[in-house]
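Residue-level structural notes
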Amino acid sequence: MRISPRSLFSVLDSQTCRRRIEMYDKAVNAFVRVAPVRSPDGGAGDSRIRGWPVGVKENICTKDMGTGCSSLILRDFEPGYDATVVRLLRAQGADIVGKTNCDEFGMGSMNVYSIHGPVRNPCFMRAGEAPRVAGGSSGGSAAAVAAGMCRVALGTDTGGSTRLPASYCGVVGLKPSYGLLSRWGVVSFADSLDCVGIFGADVESVREVFGVLDVYDARDATSASVERRERAQGRWRRRVEELGLAGGRLDGVRVGVPQEYFPKEMTEDVVGLVRRALRGLKERGAEIVPVSLPSTEYALSAYYVLASAEASSNLARFDGVQYGMNVRAPQGLGLTAGQRYAYTRSAGFGGEVQRRILLGTYALSAGKFDNYFLQAQRVRELVRRDFERVFGEVDVLVHGSAVRTAPVLGERPEGVEAYVQDVLTVPASLAGLPALSVAVGEGEPVGVSVVGDWGAEEMVFLVGGRVSKL
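Let me sum up the structure you'll find in this document. Note that the structure is predicted; figures quoted are calculated from it, not measured.

**Side note on the overall build of the chain**
Secondary structure summary: the chain contains 14 helices and 11 strands in total. The C-alpha atoms of the chain give 21 Å as radius of gyration, which agrees with the globular expectation for 470 residues (23 Å, within 12%). Each principal axis of the C-alpha atoms in the chain carries an extent, and together these give about 75 × 55 × 50 Å. Counting the 470 residues in the chain, one finds 61% classified as buried. In the form shown here, the chain has an accessible surface area of approximately 18600 Å², with 50% of it arising from carbon and sulfur atoms. Computed over 56 positive and 53 negative side-chain charges, the inter-centroid distance for the chain is 2 Å.

Below you can see the structure in the form of structure tokens.
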């Protein structure tokens, strides 16, 4: 079995998707909960997404299904309310068909750190074919779209958790500009990096859902103001109108190619497909401009310090008192409150989450704060300045989404190698910029990312749509 979302796209209604979940999900393991059939909550007759079947990552709250973050500590958590992004989809008549598998609390690149088991990539399911990972942490959402189990799906993206699975599964994945989509009701990993991401079988589906979710939310302290949105998005809409592009052409569009985004870890087949995509853009009139982002080599290290530090703070709330499971400590040992909490946290958090909490706590400790956390913040500012300078010269950047195709399930890299897969995705996350991964080629799925300036989703969708048709 090999599943192609494009051939199924025109018939992906709720009934079809639920039938495909029943047929295929035992093998793929994309869904951890499936919602009962229900009538749409709303959506006027002209709503473009009315009736669309949507999967939602398990770290995004839903009032009618549990939100366990694929973690033992929150396995039975029932929030009783919808996250803002879920509420907006329901209001337009979308059908939330279920909750999708993910790495625990969004921490991972292969969707293997989950109490529900790993997600299997539906693009590699022929008889005798070695199973491949779907990518993480939003692997369940990407696999669900790739397997035709939903028309679109929501994920989250902290350092590449939408773009990497999109690349591995051959679908479209968007990480929007930081602050455009509300995070209210999304379980936090790293507040200054987390974004709600969108998966779809094509660029237009992702664009349609983005249009529904791109609204200011007063309940989200990080939501960008209406004025800032209008200023940035208006600028890029005018740029697109100024170009007056038609018939698939890209005349006048300046496409930057960062030289640092071809690391030694990138395989030859990925390099070849990225170059082919660039040639295709040039043939359609785009100007290819070599650029440099010199701070890129430090971005991955800075990201893991910052993300882990924020995670250690955010996950401190899970102590067995108010949320999730509780493991009672032995009586009569004179334990402090912190020691009692440790029994619950040691049992409830998986190994990867514990590693990141320990790393983050170390980076925030009194003797290490300046050398690690503050230094990482300085690197983040350098990364931002690199992008700011480059977007004074080009309209978008184009580069590979991942350094390789999907790894074989079970072949886990050890030590630092386990984190190298994020090397191409974390710079845009540190800078809070929009990035769209689009599948290219005909063989094993490979993604090409289109990155824009803050608020430049209109231009990113335009170029991403052209890339998808090459």
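**A closer look at the side chain of Asp103**
Its place among the elements puts Asp103 in the loop between β3 (95–100) and α4 (139–146). Notably, Asp103 is buried but unbridged: the nearest opposite-charge side chain belongs to Arg356, and the N-O separation is 7.2 Å. A polar contact is formed between the side chain of Asp103 and the backbone nitrogen of Asn111, at a distance of 2.8 Å.

**Considering the packing of aromatic side chains**
Considering all chains together, one arrives at eight aromatic pairs under this definition. Both rings, one in Tyr81 and one in Trp184, keep their centres 5.3 Å apart while their planes meet at 45°; by these two values the pair is tilted. Separated by 103 residues along the polypeptide, Tyr81 in the loop between β2 (53–57) and α3 (84–91) and Trp184 in the loop between β5 (172–175) and β6 (195–200) bring together distant segments of the chain. Where Phe105 meets Phe318, the ring centres are 5.3 Å apart and the plane angle is 45°; that geometry is what we call tilted. Pair noted here: Phe105 is in the loop between β3 and α4 and Phe318 is in the loop between α9 (296–314) and α10 (337–348), with a separation of 213 residues, a long-range link. Through successive ring pairs, a cluster of aromatic residues spans Phe105, Phe318 and Phe349. Over the aromatic face of Phe124 sits the side chain of Arg132, whose NZ or CZ is 4.3 Å from the ring centroid. The ring of Trp454 carries Arg228 above its face, with NZ or CZ at 3.8 Å from the centroid.

**Side note on the nonpolar core**
Note on soluble globular proteins: their nonpolar side chains tend to be buried together. Core analysis: the largest hydrophobic core is formed by 113 residues, its most contacted members being Leu89, Phe105 and Leu213. In this structure Leu213 touches Val85, Leu88, Leu89, Leu154, Leu180, Leu181 and Ile198, once residues within four positions along its chain are discounted. Core analysis: the second largest hydrophobic core is formed by 32 residues, Ile21, Ala134, Ala153 and Tyr168 among them.

**Some details on the environment of Pro427**
On the secondary structure map, Pro427 appears in helix α13 (residues 426–431). Residue Pro427 is classed as buried on the basis of its relative accessible area, which comes to 1%. Sequence separation between Pro427 and Gly200 is 227 residues, and the spatial gap between their C-alpha atoms is 23 Å. The residues touching Pro427, leaving out its near neighbours within four places in the chain, are Tyr261, Thr296, Ala299, Val383 and Phe387.

**Topic: the pattern of salt bridges**
Think of it this way: side chains of opposite charge can pair up when their charged atoms draw near. Under the definition given, this model contains 23 salt bridges. For Arg207, the salt bridge identified is with Glu458, shortest N-O distance 2.6 Å. Linking Arg207 in helix α6 (residues 203–213) with Glu458 in helix α14 (residues 457–468), this pair joins segments that are 251 residues apart in sequence. Among the residues examined, Arg207 registers a relative accessible area of 27% and is labelled partly exposed. Residues Arg239 and Glu242 are paired through a salt bridge, measuring 2.9 Å at the closest nitrogen-oxygen approach. Of the two residues, Arg239 and Glu242 are both situated in helix α7 (residues 226–243); the distance of three residues between them amounts to about one turn of the helix. The class of Arg239 is buried, set by a relative accessible area of 18%.

**As for the side chain of Asp395**
In this fold, Asp395 is placed in the loop between α12 (370–390) and β9 (396–400). Among the polar contacts listed, one links the side chain of Asp395 to the side chain of Arg239, at a separation of 3.0 Å. Among the polar contacts made by the side chain of Asp395, one reaches the main-chain amide nitrogen of Arg254 at a distance of 2.8 Å. Every residue in contact with Asp395, bar those within four places of it in the chain, is listed here: Trp236, Arg239, Gly252, Val253, Arg254, Gly452 and Met459.

**Examining the sheet that holds β5**
Reading across the sheet, the 11 strands line up as β1-β3-β2-β4-β6-β5-β10-β11-β9-β7-β8 and stay open at both edges, with mixed pairing between neighbours. One side of each edge strand has no neighbouring strand; the edge strands of this open sheet are β1 (31–34) and β8 (287–291). For this sheet the average axis-to-axis angle between neighbouring strands, irrespective of direction, equals 30°. Taken together, the five bridges between β2 and β3 define a ladder with parallel strand orientation.

**What about helix α11 (residues 351–364)?**
Along an α-helix, residues three or four positions apart point the same way, because every turn accommodates 3.6 residues. Counted at 1.5 Å a residue, the expected span for α11 with its 14 residues is 20 Å, and the 20 Å between its end C-alpha atoms agrees. Against the buried residues of α11 lie α9, α10 and α12.

**Focus: the environment of Arg75**
For Arg75, the location among the structural elements is in the loop between β2 and α3. Its relative accessible area of 45% is what places Arg75 among the partly exposed residues.

**Here we look at the packing of α7 against α14**
Between α7 and α14, the least distance of the axes is 7 Å, while the angle of their chain directions is 40°. Between α7 and α14, the angle is such that the two are oblique. Taken together, the residues of α14 that come into contact with α7 (itself represented by Trp236, Arg237, Arg239, Val240 and Leu243) are Glu458, Met459 and Leu462.

Reading the values: the criteria
Residues numbered from 1 in each chain as written. Predicted model: local features only at pLDDT ≥ 70, side-chain atom pairs only at ≥ 80, totals over all residues. Heavy atoms only, no water. Helix = DSSP H or I, 4+ residues; strand = E, 2+ residues; numbered from the N terminus. Rg over C-alpha atoms; globule rule 2.2 N^0.38 Å. Buried < 20%, exposed > 50% of the residue type's maximum accessible area, 1.4 Å probe, protein only. Areas by Shrake-Rupley, 256 points an atom, 1.4 Å probe, with all protein chains shown as cover. Lys, Arg positive; Asp, Glu negative; His and termini not counted. Charge placed at Lys NZ, Arg CZ, Asp CG, Glu CD. Salt bridge = Lys/Arg side-chain N within 4 Å of Asp/Glu carboxyl O. Polar contact = N/O pair within 3.5 Å; in protein donor to acceptor, adjacent residues only side chain to side chain. Phe/Tyr/Trp six-rings, centres within 6.5 Å; stacked < 30°, edge-to-face > 60°. Lys NZ or Arg CZ within 6 Å of the ring centre and 35° of its normal. Core = buried A, V, L, I, M, F, W, Y, C linked by side-chain atoms within 4.5 Å. Contact = heavy atoms within 4.5 Å. Pairing = 2+ DSSP bridges. Axes fitted to C-alpha atoms, helices over the stretch in contact; angles between N-to-C directions. Expected span 1.5 Å × (residues − 1). Parallel < 35°, antiparallel > 145°, perpendicular 65-115°, else oblique.

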